[in-house]
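This is what each chain is made of:
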Amino acid sequence: CWLLERGHCDAVIQTGADPEQPMQNRTKILTTPLEVSENAGSRYAPSSPLSIIRMIENDPRRFAFVGKPCDIAALRKLISLRPELQSRFVSLISFFCAGVPSQKGTEALLNRLRIPAKDVATFQYRGNGWPGMTRAVSNEGRIYELTYNEAWGRVLNKHLQARCKICADGSGEAADIVC
């Protein structure tokens, strides 16, 4: 938000909930602080924010990029191979990552919550406090919740993707900012 507000970048590439399938992710190009805020939050499902790079190759805007440590390392490598991209990516932002569960992890969460995916209107992996609750809200407005310990500690961490189990950089060493 700060980078946008002060004109340091024109847009932010960020992962947010897919509005059509709230338990899945979508890569977004956001141009206002409100959009960035609305898409902030933990997303414990597969994401591919680098998939958008080819679409923006000829886009003259300056971007901040938010991604997993592995996404940041890959983008940093691409920038080293294509120096003309350096001025286009003004800030690479990451977070501390303990791995990304497969989509089966989210399906297991829904089973534990006892709500079918077709009945979910909104889904939050974390929120409303620290570390926050996993929360599904049904189409009828009913709330289903699990604690962080139940969601991450008992379900999601059992579904980590294989590559995450051998990751050497959960702290985002290649990023400009890590939080």
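Residues numbered from 1 in each chain as written. Predicted model: local features only at pLDDT ≥ 70, side-chain atom pairs only at ≥ 80, totals over all residues. Heavy atoms only, no water.

For the rest of this paragraph, the subject is the packing of aromatic side chains. Under the criterion given, the structure shown has four aromatic pairs. A centroid spacing of 5.9 Å and a plane angle of 90° characterise the contact between Tyr 44 and Tyr 125, whose relative ring orientation is edge-to-face. A residue pair is termed long-range when its members are at least 10 positions apart, and Tyr 44 in the loop between helix 2 (33–38) and helix 3 (53–56) and Tyr 125 in the loop between strand 5 (120–124) and strand 6 (134–138) qualify at 81 residues. Each member of the pair Tyr 44 and Tyr 125 is classed as buried. Through a chain of ring-to-ring contacts, the aromatic side chains of Tyr 44, Phe 123, Tyr 125 and Trp 152 assemble into a single cluster. Residue placement shows Arg 126 over the ring face of Trp 130; its charged tip is 4.5 Å from the ring centre. (Phe/Tyr/Trp six-rings, centres within 6.5 Å; stacked < 30°, edge-to-face > 60°. Helix = DSSP H or I, 4+ residues; strand = E, 2+ residues; numbered from the N terminus. Buried < 20%, exposed > 50% of the residue type's maximum accessible area, 1.4 Å probe, protein only. Lys NZ or Arg CZ within 6 Å of the ring centre and 35° of its normal.)

Next up on the list: the sheet that holds strand 6. Taken together, the three strands give an open sheet; going across it, the order is 5-6-7, and neighbouring strands pair in antiparallel fashion. Both outer strands of the open sheet, strand 5 and strand 7 (143–146), are each paired with one neighbouring strand and no more. With strand direction ignored, the average angle separating the axes of adjacent strands in the sheet is 15°. Relative to strand 6, strand 5 runs antiparallel, the two sharing four bridges. (Pairing = 2+ DSSP bridges. Axes fitted to C-alpha atoms, helices over the stretch in contact; angles between N-to-C directions.)

Trans peptide bonds make up most of the peptide bonds, and negative phi angles are found at most residues other than glycine. Of the consecutive residues Trp 130 and Pro 131, the connecting peptide bond is found in the cis state with omega at 0°. When you line up the elements, Pro 131 lands in the loop between strand 5 and strand 6. Positive phi outside glycine occurs at Arg 114, with the angle close to 65°. One can find Arg 114 in the loop between helix 5 (103–113) and strand 5. The class of Arg 114 is exposed, set by a relative accessible area of 72%. A positive phi angle is found at Asn 128, which is not glycine, with a value near 60°. You can see Asn 128 is positioned in the loop between strand 5 and strand 6. Of the residues examined, Asn 128 reaches a relative accessible area of 55% and is grouped as exposed.

Quick look at the sheet that holds strand 1 (residues 11–17) now. An order of 2-1-3-4-8 is seen for the five strands of this open sheet, with the pairing classed as mixed. Unpaired on one side and paired on the other, strand 2 (25–30) and strand 8 (177–178) mark the two borders of the sheet. Across four bridges, strand 3 (residues 63–66) lies against strand 4 (residues 89–94) in parallel orientation. Following the sheet pairing, Ala 64 is matched in strand 4 by Ser 91. Docked against the sheet, helix 4 (residues 69–81) engages strand 3 and strand 4, running at close to 155° with respect to strand 4. (Contact = heavy atoms within 4.5 Å.)

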